[in-house]
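Results of the structural survey
Residues per chain are reported as follows:
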Amino acid sequence: MQKIDKTDTLETILTRGKFEVDYYQREYRWGRKQIEQMLMDFYDTFRQYYDPANHGAPSEVQGYGYYYMGSIICTSENTRKIIDGQQRLTSLSLLLIYLRNLQNQLTGIPYLPVKQMDDLIYKDNFGTMSFNLDVPERNDCMQALWDQNRAFTSENESNRNLLARYSDIEELFPDDLKGEALPYFIYWLKGKVLLLEIDTPSEDEAHTIFLTMNDRGLSLNSAEMLKAYIIQQVNEADRDTVNKAWQQNINRIKNAFDSQTSGAVKAEDVDFISAWLRAKYANSIRDTRKGAEDKDFELLGEKFHNWVRLNARTAMQLTQPKQFKELVTIEMSLMTSLYLRIKAYSDKLTPGYEAVFYNAHRDITYQNYLILAAVRVDDAPEVVDQKIKLVSTFIDIFASTRIFNYKKINWNSNKNLLFRVMCQIRNQDARTIGVKLFSTLQRMNEKLDAIRDFELNQFTGRYMLHMLARLTDYVNVQMGRASLFATYVDRNPKSSYDIEHVL
């Protein structure tokens, strides 16, 4: 995209001066999902311009396209106070610290701008390190991340979240950006990621702008626009029925997630519909080569209503008013129930569906895609049960095998293979699905016997306790006792204990 007028680059924003965060909004609450989305957006945009097979000096990054990350609202009184946008700035600061630490670990890569990044993270205040995002209760944690002090712990909610999100960045940062591409990516991040900074003379005016932008004139989201389009295609006599069915499904989704999204943007309806449509109708995914265009999978992200308008009659085979009606009253209703079942099994260890819980515990987000893809609208209840177990067990084995071989398990690192599997098992019978999934595991380069050399290191740290807890729990269950996996795997400092050493 071209530069939006009045915006500034990340480098300009962060080197202009320090930011403070008011006491009443100091908690940092971004989750792994937001970090993963930020990294994927950066990676996908950067790879539209960077060609690993044909690139020159980093000066060519001047010709790359921009990425707009939104606006921040600040007061301009002395040190700037952030009224809106601290979640993004905090996450960007974590990414910059990670990139700085990554550079220090690498050798032999030309053009690395090591010292040029420091100004984006901190200022030298008469020999004292002063972070550009200055929140006193976080500074020790930020310093520990800067020093790569793995032993640092904190009872503070934001600090615990900072440590967790930094670990997510370490795990999720794309491997193919860690070599020759790294300096190009850093220059692109500094000079091509844009923010719109809105500065106000006073805090009161900043709050007024914030409230106006967030509480008034809210536009319809993609879910609401899709509903409007579908209802237009339905016979007039059926529109009330379709509207009620749609609203009932969306309310079920929102009610199930409401207790977990306090203080956050509640877009679970958009997340659900995007997952449903991707699972059922995406037939293509964008290549990673330079200049590659978005395909079905990307277009069925947050703006899925546009894709449906263009593809309803071709890719979705919706040509009659009755078919649009059944899309909501039958297919959407089934997918809603299935989505909520996956959530229930993800939240609580349920006999027979343990793999769903284990996958969710390891933050495997693509479980929804594969299970939704496998289930047909006319499947009997026992077939639905079988398919949930088949797919979740496949994901568990796939992820565990990758982990034992020190390989990443997130979607972005495996998306071509996982997308192909999703398309292969879509609406198939249980036997065909079993054959496809077994064949995929058989063709993996990584093997389960790598567990013999599995040991604790920076990568396996977040998975080691999960694995040991499962082994211990298996022994416990085989002895006729109740499952205690959730207890064994709990790392709350006040209640955690280790039992796996008895093995």
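First, a word on scope: everything that follows refers to the structure included in this document.

Broken down by element type, the protein chain carries 21 helices and eight strands. Taking 503 residues into account, the globule formula puts the C-alpha radius of gyration at 23 Å, and the protein chain, at 24 Å, falls close to it. C-alpha atoms of the protein chain, sized along the principal axes, occupy 70 × 65 × 50 Å. Relative to its full complement of 503 residues, the protein chain shows a buried share of 48%. If you take every contact in the protein chain between residues at least 6 apart in sequence, the share linking residues at least 24 apart comes to 74%. Of the roughly 24,300 Å² of accessible surface on the protein chain, a fraction of 49% belongs to carbon and sulfur atoms.

Turning our attention to the pairing of strand S5 (residues 122-125). Relative to strand S6 (residues 128-131), S5 is paired through four bridges, and the arrangement is antiparallel. Residue pairing in the sheet places Asn125 in a bridge with Thr128 of S6. Counted between consecutive antiparallel strands, the loop separating S5 from S6 contains two residues, among which Phe126 sits at a positive phi close to 50°.

Once that is clear, we can look at unusual backbone geometry. A negative phi holds for most residues other than glycine; trans holds for most peptide bonds. Even without being a glycine, Gln317 presents a positive backbone phi close to 60°. Relative to the helices and strands, Gln317 resides in the loop between helix H13 (304-311) and helix H14 (321-347). You can call Gln317 exposed: its relative accessible area is 53%. The phi dihedral of Asn427 is positive, around 60°, even though this residue is not glycine. Tracing the backbone shows Asn427 in the loop between helix H18 (411-425) and helix H19 (430-442).

Pairing is mixed across the open sheet formed by six strands, whose spatial order is S1-S8-S3-S4-S2-S7. Only two strands of the sheet have a single partner each, and these edge strands are strand S1 (8-9) and strand S7 (133-134). Bridging between strand S3 (residues 67-75) and strand S4 (residues 80-84) involves two bridges; their strand directions are antiparallel. Bridge pairing links Cys74 to Ile82 in S4. Contacting S1, S3 and strand S8 (193-200), helix H7 (residues 182-192) runs over the sheet at an angle of about 30° to S8.

Next up on the list: helix H16 (residues 367-374). Counted residue by residue, H16 has eight buried out of eight residues, so it is predominantly covered. Among the residues making up H16, those that are buried are Gln367, Asn368, Tyr369, Leu370, Ile371, Leu372, Ala373 and Ala374.

Calculation notes
Residues numbered from 1 in each chain as written. Predicted model: local features only at pLDDT ≥ 70, side-chain atom pairs only at ≥ 80, totals over all residues. Heavy atoms only, no water. Helix = DSSP H or I, 4+ residues; strand = E, 2+ residues; numbered from the N terminus. Rg over C-alpha atoms; globule rule 2.2 N^0.38 Å. Buried < 20%, exposed > 50% of the residue type's maximum accessible area, 1.4 Å probe, protein only. Contact = heavy atoms within 4.5 Å. Areas by Shrake-Rupley, 256 points an atom, 1.4 Å probe, with all protein chains shown as cover. Pairing = 2+ DSSP bridges. Axes fitted to C-alpha atoms, helices over the stretch in contact; angles between N-to-C directions.

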